[in-house]
Amino acid sequence: MSNEPIISLQHVTKRIGRTTIIDNLSFDVPQGEIFGFLGPNGSGKTTTIRMIVGLMSTTHGKILIKGKNIKTEFEQAIQHVGAIVENPEMYKYLSGYHNLVHYARMTPGVTKERIDEVVKLVKLENRIHDKVKKYSLGMRQRLGVAQALLHRPSLLILDEPTNGLDPAGIRELRDYLSLLTRMEGITVIVSSHLLSEMELMCDRVAILQQGKLIDVKPIQHFTQGSGQTSTYRIEVQPHEQAMDVLGAMKVIQGVKLVEEGLIEVTTERDHVPDMLAHLTQYQIRVYSVQMVRPSLEDRFLEITGTGRKAE
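Starting from 1, residues in each chain are numbered consecutively following that chain's sequence as written. Whole-chain, interface and lining totals are the exception, using all residues; otherwise, since this is a predicted model, local features are given only for residues with pLDDT of at least 70 and side-chain atom pairs are given and counted only at 80 or more. Excluding hydrogens and water, the side-chain figures rest on all heavy atoms present in the structure.

With that settled, consider helix α10 (residues 272-281). Inspection of α10 places Val272, Met275 and Leu279 among the buried residues, and these make up the whole buried set. The buried side chains of α10 occupy one side of the element, clustering within an arc of 60 degrees when seen end-on. For α10, exposure combined with an orientation more than 90 degrees from the buried face picks out Pro273 and Gln281. Two residues qualify as a contact provided that any one of their heavy atoms is within 4.5 Å of a heavy atom in the partner residue. The secondary structure listing takes helices from DSSP runs of H or I that are at least 4 residues long and strands from runs of E that are at least 2 residues long, numbered from the N terminus. Tucked into the core, α10 has its buried residues touching β11 (229-237), α9 (239-247), β13 (262-268) and β14 (285-292). Directly beyond the C-terminal end of α10, a positive phi value near 55 degrees is found at Gln283. Between buried and exposed lies partly exposed: a residue is buried under 20% and exposed over 50% of the maximum accessible area for its type, with that area taken using a 1.4 Å probe on protein chains only. This arc corresponds to the set of directions leading from the helix axis out to the C-beta atoms.

Soluble globular proteins: nonpolar side chains tend toward being buried together. Grouped together as the largest cluster of nonpolar side chains are 43 residues, with contacts concentrated most on Ile115, Val145, Leu149, Leu156, Leu177 and Leu180. For this core, the element with the highest residue contribution is helix α5 (residues 137-149), accounting for 6 residues. Leaving out residues up to four positions away in the same chain, Leu149 has contacts with Arg114, Val118, Leu121, Leu156, Tyr176, Leu180 and Ile186. Side-chain atoms within 4.5 Å are what join buried Ala, Val, Leu, Ile, Met, Phe, Trp, Tyr and Cys residues into a set we call a nonpolar core. Core analysis: the next-biggest nonpolar cluster, separate from the first, contains 24 residues, Val12, Ile49, Ile65 and Ile70 among them.

Moving on to the pattern of salt bridges. Here, a salt bridge means any Lys or Arg side-chain nitrogen found within 4 Å of an Asp or Glu carboxyl oxygen. Tallied over the entire structure, the rule returns 10 salt bridges. Residue Arg171 pairs with Asp175 through a salt bridge whose shortest N-O separation is 4.0 Å. Of the two residues, Arg171 and Asp175 both sit in helix α6 (residues 167-184), 4 residues apart, roughly one turn of that helix. Take Arg171: its relative accessible area is 51%, and that puts it in the exposed class. In this structure, the salt-bridge partner of Lys256 is Glu264, at a minimum N-O distance of 3.7 Å. Residue classification places Lys256 among the partly exposed residues on the basis of a relative accessible area of 49%. Overall, the relative accessible area of 10% leaves Glu264 in the buried class. Linked by salt bridges that have partners in common, Arg114, Glu117 and Arg152 make up one network.

As for its placement among the helices and strands, Leu149 is situated in helix α5. Through-space distance from the C-alpha of Leu149 to that of Thr19 is 36 Å; in sequence the pair is 130 residues apart.

Moving on: the sheet that holds β13. Two strands pair under a simple rule: DSSP has to find at least two bridges between them. One open sheet holds the 4 strands; their spatial order is β12-β13-β11-β14, and the pairing between them is antiparallel. Looking at which strands have only one partner, the edges of the open sheet turn out to be β12 (254-259) and β14. Taking the axes of each pair of neighbouring strands and ignoring which way they run, one obtains an average angle of 30 degrees across the sheet. Two elements, β11 and β13, share 7 bridges in a ladder whose sense is antiparallel. Looking across to β13, one finds that Glu235 is bridged to Leu262. Contacting β11, β12 and β13, α9 runs over the sheet at an angle of about 165 degrees to β12. Think of each axis as a best-fit line through the C-alpha atoms, taken over the contacting stretch in the case of a helix, with angles from 0 to 180 degrees between the N-to-C directions. Strands in contact with α10 are β11, β13 and β14; relative to β13, the strand with the most contacts, it is inclined by about 140 degrees.

Our next topic: helix α1 (residues 45-52). Helical geometry note: an α-helix holds 3.6 residues per turn, so side chains three or four residues apart project in the same direction. Burial analysis of α1 places 6 of its 8 residues in the buried class, which makes it a mostly covered element. For α1, the full list of buried residues reads Lys45, Thr47, Thr48, Ile49, Met51 and Ile52. Immediately downstream of α1, the backbone of Gly54 shows phi near 85 degrees, a positive value.

Of all 5 residues making up strand β7 (residues 155-159), 5 are buried, and the element is well covered by its neighbours. The alternating pattern of β7 places Leu155, Ile157 and Asp159 and Leu156 and Leu158 on opposite faces, both of which are buried. Note: strand β6 (residues 81-85) against β7, 5 bridges, orientation parallel. Counterpart to Ala83 in the pairing with β7 is Ile157. As paired elements, β7 and strand β8 (residues 187-191) share 5 bridges and run parallel to each other.

Right, let's talk about the side chain of Ser43 for a bit. Structurally, Ser43 can be placed in the loop between β3 (34-38) and α1. With a relative accessible area of 1%, Ser43 lands in the buried category. The residues contacting Ser43, other than those within four sequence positions of it, are Leu208, Gln209, Gln210 and Gly211.

Another point: the packing of helix α3 (residues 96-105) against α5. For any two helices packed against each other, one specifies the crossing angle of their axes together with the interaxial distance. As a packed pair, α3 and α5 sit with axes 10 Å apart at the nearest point and diverge in direction by 25 degrees. On the basis of their axis angle, the class for α3 and α5 is roughly parallel. Note on packing geometry: the crossing formed by α3 with α5 is right-handed. Along its contact with α3, which presents Gly96, Leu100 and Tyr103, the element α5 presents Leu143, Ala146 and Gln147. Just so you know the grouping, Ala, Val, Leu, Ile, Met, Phe, Trp, Tyr, Cys and Pro go in nonpolar, Asp, Glu, Lys and Arg go in charged, and all remaining residues, Gly too, go in polar. A per-class count over the contact of α3 with α5 returns 4 nonpolar, 2 polar and no charged. Small angles under 35 degrees read as roughly parallel and large ones over 145 as roughly antiparallel, with 65 to 115 read as roughly perpendicular and the rest as oblique. Crossing handedness: left-handed means the near helix sits turned counterclockwise from the far one by under a right angle, and right-handed means the same turn made clockwise.

Pasting the structure below:
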């Protein structure tokens, strides 16, 4: 596997008039990674995707796809890209198979064997000869992905691919993208408002706000929180005495009651053994201890300061 990133954004800026839409955006995405774009509405996610695929020009900076500049070497760069922006557009009166054949005629080097291969990859073998008007939205999404993969791209870009999908369809898409990165080594960039799904789907995520890159981290780093301090949920009896005992410990930063017999304690990981020993010293029964990890949604709201769930 090459060390060169599949896609590299270098100080990318987009201005329209006096308004800065994207402000000095830089990040790299390596081969075989599922990379997520997060941000409130109007943060610049779709604008960035449009610049990556050449539908919108940059004001400053470079976008390199496999080392080729999308602005000055468009054909060499875009040949490595497959993309779906929201719902894929298909000829509904044609079968799924004939839609793929039609697209293949416009793309040099796509053989019948390759069409059969992507149909199998997206698990549409049993319905590929049905007309697209009979497809569910999830099936149309999979057919769109098959179309985007026909020319063996190195980079697959999906803008809001879960729009309109039911929970089963969302899970299918998530499992399928994971399969793609493993079997074909494809890099995936995905944008979505469904933060719980992005948490399950992505290897890394970037958070955009008002056109600026706030943070880029592996997904587990977002959900682990920052620093050594964590919150632990402890099942104890009696909880009133446990709260008094722990509240008197200098190393405990906070104690609160969740429900009868269940408390939450904020402290550093190294102090957990001392905390439990202290409880047992007072004959307080401890039934379970569990670290409370923040969700990606929690971290997103904390980082962006929106104070509400993404729409």
